[in-house]
Amino acid sequence: SQQGEEDPQALSIQEGENATMNCSYKTSINNLQWYRQNSGRGLVHLILIRSNEREKHSGRLRVTLDTSKKSSSLLITASRAADTASYFCAPLGSGNTGKLIFGQGTTLQVKP
Amino acid sequence: DGGITQSPKYLFRKEGQNVTLSCEQNLNHDAMYWYRQDPGQGLRLIYYSQIVNDFQKGDIAEGYSVSREKKESFPLTVTSAQKNPTAFYLCASSIVWGSPTTNYGYTFGSGTRLTVV
């Protein structure tokens with residue numbers, strides 16, 4: 001099954017700084033999605049980038065995709081304490097029937 | 001508002017007991033999924049369903065069962081055969097099964113925390 005591997009596993013920054021999380025995967029994909037999970041809650045879909053896209057923005061989020069390196073990154077600019085959460089990437093493999101496999105995620109702590 | 005409702009929020013199971021977790025969605029989504037999350041871990045797929053009256057095993061289906069008799073509902077039963085059921089269970093749905101062109105991700109419920117007592 002296609003699974004993304006996030007790096008680093010944990011990240012701690014000060015409010016106002018930028019946070020960058022990386023994701024690597026192994027096979028070709030149709031799209032790659034990023035999700036956020038606040039402690040004890042369900043996941044929230046943040047952004048989806050298709051295999052023919054290289055960069056996508058949504059508010060303070062910027063996602064890049066490099067299919068030649070099989071990697072993606074999520075950048076959160078001007079972070080806030082409310083961004084404290086776990087972040088997961090989920091690649092949807094080519095020919096996949098829509099089933100997403102989630103890795104262990106990156107735990108982000110933003111200190112006020 | 002449309003969304004996914006999981007109930008109960010907390011559930012306690014005695015040894016040898018079967019329990020059923022509820023998952024209901026009013027998003028008119030075709031596909032539904034059940035995941036298990038252990039502390040500090042990622043999500044592992046238990047079962048998924050593409051359409052009504054059809055479902056498939058995920059990576060850790062042993063000790064679990066599901067049904068999909070209605071589009072809106074995808075209940076998960078944790079049976080006594082599941083030896084380590086204490087975990088956080090998440091239900092999700094998606095608008096189109098397998099479409100590579102969809103711009104939509106999964107919608108998740110808020111989870112059920114199951115504890116064996």
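Read on for a plain summary of the structure. (Residues numbered from 1 in each chain as written. Chains lettered and ligands numbered in written order. Predicted model: local features only at pLDDT ≥ 70, side-chain atom pairs only at ≥ 80, totals over all residues. Heavy atoms only, no water.)

What follows is about the packing of aromatic side chains. Tallying each qualifying case throughout the model produces 11 aromatic pairs over all chains. Measuring from ring centre to ring centre gives 5.9 Å for Y35 of chain A and F108 of chain B, while their planes differ by 80°; the resulting arrangement is edge-to-face. Placement of Y35 of chain A in strand 4 (residues 29-37) and of F108 of chain B in strand 10 (residues 107-108) is noted, with the two residues assigned to different chains. When sorted by exposure, Y35 of chain A lands in the same class as F108 of chain B, which is buried. Ring geometry for F102 of chain A and Y106 of chain B: centres 6.5 Å apart, planes at 70°, overall edge-to-face. Separated into two different chains, F102 of chain A in the loop between strand 9 (85-93) and strand 10 (106-111) and Y106 of chain B in the loop between strand 9 (87-94) and strand 10 make up a pair that spans both. The same class applies to F102 of chain A as to Y106 of chain B, namely buried. An aromatic cluster of three or more residues is present, and its members are Y35, F88 and F102 of chain A together with Y33, Y35, Y106 and F108 of chain B. (Phe/Tyr/Trp six-rings, centres within 6.5 Å; stacked < 30°, edge-to-face > 60°. Helix = DSSP H or I, 4+ residues; strand = E, 2+ residues; numbered from the N terminus. Buried < 20%, exposed > 50% of the residue type's maximum accessible area, 1.4 Å probe, protein only.)

So, about the state of the cysteines. Per the stated rule, a full pass over the model turns up 2 disulfides over all chains. Covalent S-S linkage joins C23 of chain A and C89 of chain A, the inter-sulfur distance amounting to 2.0 Å. What sets the handedness of the C23 of chain A and C89 of chain A disulfide is the S-S torsion sign, and at about 65° it is right-handed. Linking C23 of chain A in strand 3 (residues 19-24) with C89 of chain A in strand 9, this pair joins segments that are 66 residues apart in sequence. With a relative accessible area of 2%, C23 of chain A lands in the buried category. The partner cysteine of C23 of chain B in its disulfide is C91 of chain B, sulfur to sulfur 1.9 Å. Sign of the S-S torsion, about -75° for the bond between C23 of chain B and C91 of chain B, identifies this disulfide as left-handed. Taken as a pair, C23 of chain B in strand 3 (residues 19-25) and C91 of chain B in strand 9 lie far apart in primary sequence, 68 residues in all. Assigned by exposure class, C23 of chain B and C91 of chain B land together as buried. (Disulfide = S-S within 2.5 Å.)

Now for unusual backbone geometry. With an omega dihedral of 0°, the bond running from D7 of chain A to P8 of chain A counts as a cis peptide bond. At the junction of S7 of chain B and P8 of chain B, the peptide bond is cis and its omega measures out at -10° in the coordinates. Even without glycine at this site, A78 of chain A takes up a positive phi of about 45°. Within the secondary structure, A78 of chain A sits in the loop between strand 8 (71-76) and strand 9. Looking at A78 of chain A, the relative accessible area reads 39%, which means it is partly exposed. Notably, N28 of chain B is not glycine yet its phi reads approximately 65°, a positive angle. Inspection of the secondary structure puts N28 of chain B in the loop between strand 3 and strand 4 (31-37).

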